[in-house]
Amino acid sequence: MVERQVVEEAERELLQHLSTLLAQKITDYVIAKLRGRRIRTLDVKVRILDYEKLLFDIEVNVDTDLLVPDYYLNRVASEAVDYGFSILDKVMSYILSRNMRVSLHELERIIEECSRTSNHNST
């Protein structure tokens, strides 16, 4: 039983690291989409709602200078959420195929790979 707790703790750490890295990729995506615009606020949250069911929530809030219409900001935020879930789906498939036994370095590598392929599909 003690062994399972250690594995669960390692899995939680892996998923938390995934959330942090994914939030950074989404942030980079929004900044690239709004290139040349002055971003006042950018808040990206990737939350793990349920560790057992592997449920995630992604929220993107962005505010820029007055020259950017709200409909465009909403579209960028929506596309950023889709981009995040696209990466998340690929990364979770990879992690689950390895029974949640992935090093943090390997996780960083696979997120980078998945973000490049998702970026090509999203832009």
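Keep in mind that what you see is a predicted model, and the values were worked out from it rather than measured. (Residues numbered from 1 in each chain as written. Predicted model: local features only at pLDDT ≥ 70, side-chain atom pairs only at ≥ 80, totals over all residues. Heavy atoms only, no water.)

Undergrad: For the pairing of strand β2 (residues 55–64), give the residues involved together with the corresponding values.
TA: Along β2, the buried face is formed by F56, I58, V60, V62 and T64; none of L55, D57, E59, N61 and D63, which line the opposite face, is buried. Pairing of strand β1 (residues 39–50) with β2, which is carried by 10 bridges, proceeds in the antiparallel orientation. What sits directly across from R47, in β2, is D57. In this structure, the hairpin formed by β1 and β2 is closed by a connection of four residues, where L54 is found at a positive phi of approximately 55°. (Buried < 20%, exposed > 50% of the residue type's maximum accessible area, 1.4 Å probe, protein only. Helix = DSSP H or I, 4+ residues; strand = E, 2+ residues; numbered from the N terminus. Pairing = 2+ DSSP bridges.)

Undergrad: Before we move on, can you summarise the environment of E8 with the specific residues and values?
TA: Along the chain, E8 falls in helix α1 (residues 2–33). Each C-alpha atom of the pair E8 and Y51 lies 9.3 Å from the other, and the pair is 43 residues apart in sequence.

Undergrad: Go over the nonpolar core with me, naming the residues and quoting the values.
TA: Ranked by size, the top nonpolar core spans 36 residues in total, and within it L18, I26, V60, V91, I95 and L107 carry the most contacts. Broken down by element, the residue count for this core peaks at 13 residues, all from helix α2 (residues 70–97). (Core = buried A, V, L, I, M, F, W, Y, C linked by side-chain atoms within 4.5 Å.)

Undergrad: Kindly report on the environment of V91, identifying the contributing residues and their values.
TA: Residue placement: V91 occurs in helix α2. Separated by 73 residues in the primary sequence, V91 and L18 have C-alpha atoms spaced 8.7 Å apart. Those residues in contact with V91 that sit more than four places away from it in its chain are L18, L107, I110, I111 and C114. (Contact = heavy atoms within 4.5 Å.)

Undergrad: So what's going on with the packing of aromatic side chains? Residues and values would help.
TA: Taken as a whole, this structure holds one aromatic pair when the rule is applied. On the basis of an interplanar angle of 15° and a centroid distance of 4.3 Å, the ring pair of Y29 and Y83 is categorised as stacked. Remark: Y83 occurs in helix α2 and Y29 occurs in helix α1; sequence separation between them is 54 residues. Judged by relative accessible area, Y29 falls into the buried class, the value being 5%. What makes Y83 buried here is its relative accessible area of 4%. Taking NZ or CZ as reference, R12 lies 4.1 Å from the ring centre of Y51, over its face. (Phe/Tyr/Trp six-rings, centres within 6.5 Å; stacked < 30°, edge-to-face > 60°. Lys NZ or Arg CZ within 6 Å of the ring centre and 35° of its normal.)

Shape descriptors only; they carry no functional weight alone.
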